[in-house]
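Below are the chains, spelled out letter by letter.
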Amino acid sequence: MSRSRRLVVVSFKWMIDAHSFPFPQSSSFAATGYRKREGINGIFSIWVELTDWDGDAKDCKTARLFALSQEMEFKLPKNGESFIITSGIQPVAECTVLETGQ
C-alpha cells in the first residue's frame, strides 16, 4: 500500500459494538473519515494502522491515520481536532489527534 508521508496519531473510541457492526480483523485497514468540523460533506479515504493491536481491534485505543493520496493530505486533522472514522457514511470511531508527523 503506497501511502502519503504525512500522518496523524489519534486516540479513539469505537462507536460500534460487535452486534451492530463487525470490528476490523487486522491491525491495518482502509476506511473513510471526516474532520468533525467539516461534517460528512468533507469525507475522504484514509489508511488506519492500529498501534496497540493485540489481535482484537475492539481493545485498541490509538492509531495512526494516513491519507490515501497526497492530494487528500490537507484534509487530515490537526493537533487537538476531532475526526470521525467511517465505513462509507457509517460512523465507527471518534478520534482526537494527539500529534502529527511524517
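This text follows the structure it describes.
Computed from a predicted model, the values in this text were never measured in an experiment.

Within this structure, the stated rule accounts for 3 aromatic pairs. Seen in terms of ring centroids, Phe 12 and Trp 14 are 5.0 Å apart; in terms of plane orientation they differ by 85 degrees. Their pairing is edge-to-face. You'll find Phe 12 and Trp 14 in the same group, each marked buried. Plain terms: the ring middles of Trp 14 and Phe 23 are 5.3 Å apart, the flat faces sit at 90 degrees to each other, and that makes the pair edge-to-face. Each residue in the set Phe 12, Trp 14 and Phe 23 is aromatic and connected to the rest through ring pairs, giving one cluster.

Our focus in this paragraph is the pattern of salt bridges. Across all of its chains, the model carries 4 salt bridges by this definition. In this structure, Glu 49 and Arg 64 form a salt bridge, with 2.6 Å as the shortest nitrogen-oxygen distance. You can see Glu 49 sitting in strand E3 (residues 44-50) and its partner Arg 64 sitting in strand E4 (residues 62-67), a full 15 residues away along the chain.

Bridge count for strand E1 (residues 7-14) against E4 is 5 bridges, and the pairing is antiparallel. Bridge assignment links Leu 7 to a residue of E4, and that residue is Phe 66. With 5 bridges joining them, E3 and E4 adopt antiparallel strand pairing. Bridging from a neighbouring strand, Trp 47 pairs with Phe 66 of E4.

With antiparallel pairing, the 6 strands of this closed barrel are ordered in space as E1-E4-E3-E2-E5-E6. Along the sheet, successive strands turn relative to each other by an average axial angle of 45 degrees, direction set aside.

The rules behind the values
- Residues numbered from 1 in each chain as written.
- Predicted model: local features only at pLDDT ≥ 70, side-chain atom pairs only at ≥ 80, totals over all residues.
- Heavy atoms only, no water.
- Phe/Tyr/Trp six-rings, centres within 6.5 Å; stacked < 30°, edge-to-face > 60°.
- Buried < 20%, exposed > 50% of the residue type's maximum accessible area, 1.4 Å probe, protein only.
- Salt bridge = Lys/Arg side-chain N within 4 Å of Asp/Glu carboxyl O.
- Helix = DSSP H or I, 4+ residues; strand = E, 2+ residues; numbered from the N terminus.
- Pairing = 2+ DSSP bridges.
- Axes fitted to C-alpha atoms, helices over the stretch in contact; angles between N-to-C directions.

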